[in-house]
Amino acid sequence: GLGIGFFARSAMGPLQQKYTHAADLAAIEKLHPIDVESTRSQDYKQQMDIWSEDAVRIMPGSPPDVGKQAILADNEKFAAEYPGFKVLSYAAKYKNIQIQNGLACEWGEHESQFKLSPEAPPVSWHGTGFHVLKRQSDGSWKFAVMILNQ
């Protein structure tokens, strides 16, 4: 009995880990379309749903936004400076997702076309980014760190 119990427990470790990894990957894959849609629509409430409370966002030419509220404040400041801003298109390709102990990292390519105002010509933007994600207590995932460059 003792040997069978030990064998059963040791066999369950890899199975449990495989299940957890698959569930984590599926939950991360649910986050990505929310990121894309909230960027396209510029829906700030939806954008805040993708960030952990202690998130850090680093954008080219700007100081880091530290904390979810700082990210929201920076988004609102941008909206006030460019009230006619409109995203015409946005796509992201997330690559090389690595998951370990409630954290994940990935990198991605981001393509966007936008207008700063209704009269402005369209601007194309291509950037790459490195993302760290954190599993939440409910099993969902949120961005904890996002570093973008162009």
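Residues numbered from 1 in each chain as written. Predicted model: local features only at pLDDT ≥ 70, side-chain atom pairs only at ≥ 80, totals over all residues. Heavy atoms only, no water.

Before we go on, may I ask you to explain the packing of aromatic side chains in this structure?
Any two aromatic rings considered together are summarised by their centre-to-centre distance and by the angle between their planes. For the structure on display, the rule yields four aromatic pairs. With centroids separated by 5.0 Å and ring planes inclined at 85 degrees, the aromatic side chains of Phe78 and Phe85 adopt a geometry described as edge-to-face. The partly exposed category is assigned to Phe78, whose relative accessible area is 29%. (Phe/Tyr/Trp six-rings, centres within 6.5 Å; stacked < 30°, edge-to-face > 60°. Buried < 20%, exposed > 50% of the residue type's maximum accessible area, 1.4 Å probe, protein only.)

How do you make sense of the nonpolar core when you look at a structure like this?
Burial of nonpolar side chains together is a common tendency in soluble globular proteins. With 16 residues, the main nonpolar core has Ile28, Trp51, Ala104, Leu133, Trp141 and Phe143 as its most contacted residues. Within the residue set of this core, elements represented by two or more residues are helix H1 (2-41), strand E1 (51-58), helix H3 (68-81) and strand E6 (141-149). With four residues, the single largest contributor to this core is E6. Sequence-distant contacts of Phe143, defined by excluding residues within four places in its chain, comprise Leu31, His32, Asp35, Ile50, Trp51, Ser52, Ala55, Glu106, His131, Val132 and Leu133. Judged by nonpolar contacts, the second largest core, of seven residues, contains Phe85, Val87, Ala92 and Tyr94. (Core = buried A, V, L, I, M, F, W, Y, C linked by side-chain atoms within 4.5 Å. Helix = DSSP H or I, 4+ residues; strand = E, 2+ residues; numbered from the N terminus. Contact = heavy atoms within 4.5 Å.)

What should I look at first to understand the pattern of salt bridges in this one?
Opposite charge on two side chains permits them to pair, given that their charged atoms come into close proximity. Using the criterion set out here, one finds seven salt bridges in the structure. Among the salt bridges present, the one from Lys68 reaches Glu53, with a minimum N-O distance of 3.4 Å. Here Glu53 lies in strand E1 and Lys68 lies in helix H3, a separation of 15 residues in the sequence. Here Asp74 makes a salt bridge to Arg57, at a shortest N to O gap of 2.9 Å. (Salt bridge = Lys/Arg side-chain N within 4 Å of Asp/Glu carboxyl O.)

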